[in-house]
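# Fold and contact review
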Amino acid sequence: MNRRRDETVTQIDGAFPEGFLWGAATSAHQTEGENTNSNWWHLETAPNSPFAERSGAAVDSYRRYPEDMRLLADAGLDTYRFSIEWARIEPTQGEFDTRELEHYRSMIDTAIGLGLTPVVTLHHFTTPMWFAQRGGWASPDAVDRFAAYVTQASTILADVPWICTINEPNMIALLTGMPERVAATEEQDATLDSRPIAALALPTPSDDVTRVLTEAHRRAVDILRAATDAKVGWTVSAQGFEAEPGAESVFTAVKWAWEDRYLEVSRDDDFVGVQSYTTRKIGLDGPVAYTSAEEQTMTGWPFRPDAVGLAVRNAWSVTGGTPVLVTENGIATADDRQRIAYVEGALHSLAAAIADGIDVRGYLHWSALDNYEWGEWGPTFGLIAVDRETFERTPRPSLAWLGARAHAARAASGRPVLESVEAS
């Protein structure tokens, strides 16, 4: 590393406040494997599934989570965000599996024992199949059913400091019915197979589903505040919208429909989780599809490390000052040097936001591990590579790089630098 790069990294290290969380994130369905009672499992395995690949055993994190957590802790990270799986805890309506609750409690205890702050997400896209069969978020008692699950989950969360109720409600509202639309479109458009779902033009999030998710979130917040001392919020997918010349009024309307109305819900929360990967232009007709010239990552997204800074500034402005936790940020790439360059740029944009007075509480990289990306295995987001035949974990240089940033930032803020945890 040259002198100028050294100075740049030093500026990053000294920019983050004491207590800033440094970590990585995963979700249950994408990593655990054999999540057979979930709606996504059934969608993947259906005869006319729109997805080319299945989650299957995923990366076997249901059994191997202690190893995954230890790799993060040994690298110098101090936080791990993971989700608990509703479909495992309530595989049949009204019947809660205490063994699964104990399993997730063991995950919490393992994280704490390794010096990792657990950030627990209660709903990360998947639902029990019975819930989906009743109409999912469109069913009349959807909020009551979710509240019953949250009540059971709260029994293992008393000492968890951060809880996310629902992951990306704007994406849930947008994707409701999306698999059926993809399947229908696939019959008419043979090029769909070669285009990632993430790169397609997407519809506006459903107003009806948004209202239900908002009510479900508010019920969950009340339950969790009564049962725990956790900071409670939900996470919002930040699109990084940028207006093309003359499209300013369209930009305002699209940003509200896709993102800002979900951030407005967070005005009453303890924090808002911001999940940022790239930017998207808004033209006179709405969101503009990515062009091949912009496809600089494996998902077809433009390489925009500054997107997370734009996202936290927007969240701070719309919420009126709700603390921000970056719950996901990263890129899919086969070149780990590109990943490091992206994260370095992202941290610079966060440092600038913090310097401007925005209360950013932490940075959680997506993802800890290469995992199942909702229909395909190709995109690699992980700080840790996984051999899908043997499940062997291989930390990439980016994990050590981010851990070094965490060590240096703690030292610069006066917080004790964590030592690697010895094998027990």
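Going by the structure above, here's the rest.
Summary of the structure given here. Please read all numbers here as calculations on a predicted model, not as lab measurements.

Moving on to the overall build of the chain. Broken down by element type, the chain carries 15 helices and 13 strands. Within the chain, buried positions represent 57% of all 424 residues. For the chain, the share of sequence-separated contacts (at least 6 apart) that also reach a separation of at least 24 residues comes to 79%. As displayed, the chain offers around 16,800 Å² of accessible surface, 50% of which is attributable to carbon and sulfur atoms.

Residues Leu122, Trp137, Leu157 and Leu347 are the most contacted members of the largest nonpolar core, which totals 107 residues. Tallying contributions element by element places helix H14 (residues 336-355) first for this core, with 9 residues. Among all residues touching Trp137, those that are not within four sequence positions of it are His123, Thr127, Phe131, Ala142, Phe146, Ile172, Val209, Val212, Leu213 and Ala216.

Turning next to unusual backbone geometry. Following Trp366, the chain continues to Ser367 via a peptide bond in cis, the omega torsion being 5°. Counting through the fold element by element, Ser367 comes out in the loop between strand S11 (360-366) and strand S12 (384-386). We note that Ala58 has phi near 50°; this positive angle belongs to a residue other than glycine. For Ala58, the position within the fold is in the loop between helix H3 (39-45) and helix H4 (61-75).

In spatial order, the strands read S6-S8-S9; together these 3 strands make up an open sheet with mixed pairing. The open sheet has two edge strands, strand S6 (241-243) and strand S9 (286-287), and neither has a second partner. Note: strand S8 (residues 280-283) against S9, 2 bridges, orientation antiparallel. By the bridge assignment for S9, Gly283 is matched with Gly286. Where helix H12 (residues 248-265) meets the sheet, its contacts fall on S6, S8 and S9, and the angle it forms with S6 comes to roughly 165°.

Further remarks concern the packing of aromatic side chains. Applying the stated rule across the entire model yields 23 aromatic pairs. Pairing Trp130 with Phe131 gives two aromatic rings, centres 6.0 Å apart and planes at 85°, and the pair type is edge-to-face. Judged by its relative accessible area of 11%, Trp130 is buried. Relative accessible area serves as the criterion here: at 0%, Phe131 is assigned to the buried category. Through a chain of ring-to-ring contacts, the aromatic side chains of Trp86, Trp130, Phe131, Trp137, Phe146 and Tyr149 assemble into a single cluster. In this arrangement the basic side chain of Arg280 is found over the ring face of Tyr290, its NZ or CZ atom lying 4.5 Å from the centre. Note that Arg388 overlies the ring of Trp377, its terminal NZ or CZ placed 3.7 Å from the centroid.

In total, this model carries 24 salt bridges according to the counting rule given. For Asp359, the salt bridge is made with Arg361, and the minimal N-O distance between the two is 2.8 Å. Arg361 gets classed as partly exposed once you look at its relative accessible area, which sits at 27%. Because the salt bridges share partners, they merge into one network encompassing Asp60, Arg63 and Arg64.

With respect to the helices and strands, Thr297 occurs in the loop between S9 and helix H13 (307-319). A residue is classified by how much of its surface remains accessible, and Thr297, at 11% relative accessible area, is buried. Thr297 sits 83 residues away from Thr380 along the chain, and the two C-alpha atoms are 9.9 Å apart. Look past the residues within four positions of Thr297 in its chain and what remains in contact with it is Ile331 and Ala332. Only 3.0 Å separates the side chain of Thr297 from the side chain of Thr299, close enough to count as a polar contact.

It is the contact of H12 with H13, at a shortest axis distance of 8 Å, that shows an interaxial angle of 60°. When the interaxial angle is binned, H12 and H13 end up oblique. The hand of the H12/H13 crossing is right-handed. Contacts from Lys255, Glu259, Asp260, Leu263 and Glu264 in H12 reach Asn314, Ala315, Val318 and Thr319 in H13. Among the residues forming the contact of H12 with H13, the class breakdown is 3 nonpolar, 2 polar and 4 charged.

Conventions we followed
The written sequence of each chain sets the order in which its residues are numbered from 1. With pLDDT at 70 or above as the cut-off, local features in this predicted model cover only qualifying residues; side-chain atom pairs require 80 or more to be listed or tallied, and sums for whole chains, interfaces and linings still use all residues. Computation of side-chain values covers all heavy atoms of the structure but excludes hydrogens and water. Each helix corresponds to a stretch of at least 4 residues labelled H or I by DSSP, and each strand to a stretch of at least 2 residues labelled E; elements are numbered beginning at the N terminus. Classification of residues uses two cut-offs on accessible area relative to the type maximum, computed with a 1.4 Å probe and protein chains only: under 20% is buried, over 50% is exposed, and between them is partly exposed. Here, residues are in contact when the closest pair of their heavy atoms is within 4.5 Å. All accessible-area figures derive from a Shrake-Rupley calculation using a 1.4 Å probe, and residue coverage is judged against the displayed protein chains alone. We call a set of buried Ala, Val, Leu, Ile, Met, Phe, Trp, Tyr and Cys residues a nonpolar core when their side-chain atoms join them within 4.5 Å. Here, any two strands with at least 2 DSSP bridges between them count as paired. Orientation is described by lines fitted to C-alpha atoms, with helices fitted over the stretch in contact, and by angles between N-to-C directions that extend from 0 to 180 degrees. When two rings of Phe, Tyr or Trp (its six-membered ring) have centres within 6.5 Å they constitute a pair, described as stacked for plane angles under 30 degrees, edge-to-face for angles over 60, and tilted for the intermediate range. Two limits define a charge over a ring: the Lys NZ or Arg CZ must be within 6 Å of the ring centre, and within 35 degrees of the ring normal. Put simply, a salt bridge is a Lys or Arg side-chain nitrogen that is within 4 Å of an Asp or Glu carboxyl oxygen. Counted as a polar contact is a pair of N or O atoms within 3.5 Å, where, for protein atoms, one must be capable of donating a hydrogen and the other of accepting one, and residues adjacent in sequence contribute only when both atoms are in side chains. Should an angle fall under 35 degrees it is taken as roughly parallel, and over 145 as roughly antiparallel, whereas 65 to 115 is taken as roughly perpendicular and any remaining angle as oblique. By the definition used in this description, the sense in which the near helix is turned from the far one sets the handedness, with an anticlockwise turn below a right angle giving left-handed and a clockwise turn giving right-handed. Any residue that is not Ala, Val, Leu, Ile, Met, Phe, Trp, Tyr, Cys, Pro, Asp, Glu, Lys or Arg is counted as polar, Gly included; the first ten are nonpolar and the last four charged.

Read these as spatial facts, not as claims about activity.
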